[in-house]
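Residue strings, one per chain:
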Amino acid sequence: MKNPYYNPAKKHHRPDGFQNNYQSFRGKRWHEILQWRWQAWRAGHPRPLKTPIPVVEPDLAFIHANAQAGLAMQPAATWIGHITVLLQVGGLNLLTDPVFSERCFPVQWAGPQRQTPPGLRLDQLPHIDVVLLSHNHYDHMDEASLLALSQQAGGAPLFITPLGHKHWFARRGIHHVIELDWWDEHVLPATERSLRMPVVLTPAQHWSARTTRDALRSLWGGFALLSPDCHVFFAGDTAYSKDFTDIRQHFAREQTPEHGGGFDLALLPIGAYEPRWFMKDQHVNPEESVQIFQDLGCKQALAVHWGTFQLTDEPLDQPPRDLAVALQARHLSAEQFQVRPIGSTMNIAPRKGR
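Residues numbered from 1 in each chain as written. Predicted model: local features only at pLDDT ≥ 70, side-chain atom pairs only at ≥ 80, totals over all residues. Heavy atoms only, no water.

Colleague: Give a description of the nonpolar core that names residues and reports values.
Modeller: Counting 65 residues, the largest nonpolar core has I160, F233, F263, L267, L268, L296 and F337 as its most contacted members. Among residues more than four places away in sequence, those in contact with F233 are T202, F223, F244, I247, F263, L265, A266, L267, L268 and L296. Core analysis: the next-biggest nonpolar cluster, separate from the first, contains 18 residues, I80, L120, L125 and I174 among them. (Core = buried A, V, L, I, M, F, W, Y, C linked by side-chain atoms within 4.5 Å. Buried < 20%, exposed > 50% of the residue type's maximum accessible area, 1.4 Å probe, protein only. Contact = heavy atoms within 4.5 Å.)

Right, dumping it as structure tokens:
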């Protein structure tokens, strides 16, 4: 099948789809998948939790008051679980990869089951203005959640996606969709209640597939959200690569001291990384996530992509322990790269002179 977006001048484009910048992704063979599962079974992986995944009641009073604050909005991030974060910046309410379903699988009677409840239910959300969708894997692109958001009171949000997703939304009657290629920018315009906000799709080392026949047909990526009051980076799913030093260089002007420094907050994945021989080319481990934090020159990070779905061999509660070791080795503090309970809200200092 031909890639309708194909541009031979772009190295990540292929005539039949897309590819990574620095390491071509090769889908795992059946014998590799069987080897992984056999080794995990023999070793008794994943092991039981040593500590419960922390979950707290959300501060609904603050979240909803903040949602209505317009230009007086306090920049904040509420971790809903797995990869889903409610971002409140610049007067807008944005969601990253909304996943509220009980399972991340094509059907709801099989596949990985949610081990912790969403920090906010769909009916507890404020009106969502924008959804940032990183790619089409089932633990990121959850059909039931996206359909529910498209039917929210007050009108559907704007869905911003990498190339190759509009047709999926259109088949479900959702047309308020913007597709971006890597480094493309879509500007959310200023209004009486919100600031002008460029959104840029950034590269990631990953892959895409929704079925057994569409691997690499749609693009994947992360997002840079450049609100005047808060710059946020959302990594999506990724392995480690030179892409993150490229991202820092790309936004070098916005990260100078006179423009407020580096990203105020990065949403970085720390889970689903074992065994390394199987996962290394698609998911970072905590040590690599800390390296991304340093490559980007972030002020703070929030750990995501852990504690909700048992996707790989490490125990569900292991990523924070490995992250603590990695931070100590780099002489970084837990305040700089935060592990927070599901449902908690992290306030972010606004940029000066926005």
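Colleague: Requested: an account of the pattern of salt bridges, with residues and values cited.
Modeller: Taken as a whole, this structure holds nine salt bridges when the rule is applied. Here D181 makes a salt bridge to K10, at a shortest N to O gap of 2.9 Å. Here K10 lies in the segment before strand 1 (13–14) and D181 lies in the loop between strand 8 (177–180) and strand 9 (185–188), a separation of 171 residues in the sequence. Taking relative accessible area as the criterion, K10 reaches 28% and is therefore assigned partly exposed. Across the pair D246 and K242 runs a salt bridge, and its minimum N-O distance is 2.9 Å. On the basis of relative accessibility, which here comes to 43%, the residue K242 falls in the partly exposed class. Taken together, the shared-partner salt bridges in this structure form one network comprising D264, K299 and R351. (Salt bridge = Lys/Arg side-chain N within 4 Å of Asp/Glu carboxyl O. Helix = DSSP H or I, 4+ residues; strand = E, 2+ residues; numbered from the N terminus.)

Colleague: Account for the sheet that holds strand 5 (residues 92–96), with residues named and values stated.
Modeller: On the basis of which strands lie adjacent, the open sheet formed by seven strands has the order 8-7-6-5-4-3-16 and mixed pairing. With partners counted over all chains shown, the strands left at the sheet margins are strand 8 and strand 16 (345–347), one partner each. Across the sheet, the mean angle from the axis of one strand to that of its neighbour is 20°, orientation sign disregarded. Bridge count between strand 3 (residues 76–81) and strand 4 (residues 84–89): five bridges; the pairing is antiparallel. Residue pairing for strand 4: T78 is matched across the bridge by L86. On the sheet, helix 2 (residues 60–67) packs against strand 3, strand 4, strand 5 and strand 16 and is oriented at approximately 50° with respect to strand 4. Along the sheet, helix 3 (residues 143–150) contacts strand 5, strand 6 (130–132) and strand 7 (158–162); its crossing angle with strand 7, the most-contacted strand, is approximately 145°. (Pairing = 2+ DSSP bridges. Axes fitted to C-alpha atoms, helices over the stretch in contact; angles between N-to-C directions.)

Colleague: Tell me about the sheet that holds strand 9, and please be specific about residues and values.
Modeller: The pairing of strands in a sheet happens through backbone hydrogen bonds and is either parallel or antiparallel. Read across the sheet, seven strands follow the order 9-10-11-12-13-14-15 without closing on themselves; strand pairing throughout is mixed. Every interior strand has two partners, whereas the edge strands, strand 9 and strand 15 (337–338), have only one. Helix 7 (residues 286–296) contacts strand 12 (230–234), strand 13 (265–269), strand 14 (301–304) and strand 15 of the sheet and is inclined by roughly 155° relative to strand 13.

Colleague: For the state of the cysteines, give the residues involved together with the corresponding values.
Modeller: Considering all chains together, one arrives at zero disulfides under this definition. As a non-bridged cysteine, C298 has C230 as the owner of its nearest cysteine sulfur, 11 Å distant. Residue C298 is classed as buried on the basis of its relative accessible area, which comes to 11%. (Disulfide = S-S within 2.5 Å.)

Colleague: Hey, could you go over helix 3 for me, with residue numbers and the actual values?
Modeller: When we look at burial in helix 3, the residues that qualify are S145, L146, L149 and S150. Mapping the buried residues of helix 3 onto a view down its axis gives an arc of 135°, with all of them on the same face. Looking at the buried side of helix 3, the elements it contacts are strand 5, strand 6, strand 7 and helix 4 (166–170). (Arc of directions from axis to C-beta.)

Colleague: Talk me through the packing of aromatic side chains; I want residue IDs and the actual numbers.
Modeller: Counted under the stated rule, the structure contains 12 aromatic pairs. Relative to F263, the ring of F233 lies with its centre 5.5 Å away and its plane at 50°, an arrangement referred to as tilted. Residue F233 is found in strand 12, and its partner F263 is found in the loop between helix 5 (243–250) and strand 13; the two are separated by 30 residues along the sequence. Owing to a relative accessible area of 1%, F263 belongs among the buried residues under this scheme. Against the face of Y22 rests K11, its NZ or CZ located 4.8 Å from the ring centre. Its guanidinium or amino end placed over the ring of Y138, R210 lies 3.9 Å from that ring's centre, counting from NZ or CZ. (Phe/Tyr/Trp six-rings, centres within 6.5 Å; stacked < 30°, edge-to-face > 60°. Lys NZ or Arg CZ within 6 Å of the ring centre and 35° of its normal.)

Colleague: Summarise the pairing of strand 7; cite the residues concerned and give the values.
Modeller: Burial of strand 7 is extensive: five of the five residues sit out of reach of the surface. Across three bridges, the pairing between strand 6 and strand 7 is parallel. Among the inter-strand pairings, L132 is bridged to a residue of strand 7, identified as I160. Of the crossover connections in this fold, the one passing from strand 6 over helix 3 to the parallel strand 7 is right-handed. Note that strand 7 and strand 8 share four bridges and pair parallel. Across the sheet, the residue bridging to T161 is E179, located in strand 8. (Right-handed = clockwise from strand over helix to strand, strands pointing away.)

Colleague: Kindly report on the side chain of T96, identifying the contributing residues and their values.
Modeller: Mapped onto the fold, T96 is located in strand 5. A polar atom in the side chain of T96 sits 2.9 Å from the backbone oxygen of I83. Here V85 takes part through its backbone nitrogen, which lies 2.9 Å from a polar atom of the side chain of T96. Discounting residues that sit within four places of it in the chain, T96 has contacts with I83, T84, V85, L87, L132, F234 and L267. (Polar contact = N/O pair within 3.5 Å; in protein donor to acceptor, adjacent residues only side chain to side chain.)

Colleague: Before we move on, can you summarise the environment of T308 with the specific residues and values?
Modeller: Within the secondary structure, T308 sits in the loop between strand 14 and helix 8 (318–329). Sequence separation between T308 and G81 is 227 residues, and the spatial gap between their C-alpha atoms is 6.2 Å. Residues contacting T308, with those up to four places away along its chain left out, are G81, H82, Q113, R114, Q115, T116, L316 and I342. Within polar-contact distance, the side chain of T308 engages the backbone nitrogen of H82 at 2.8 Å.

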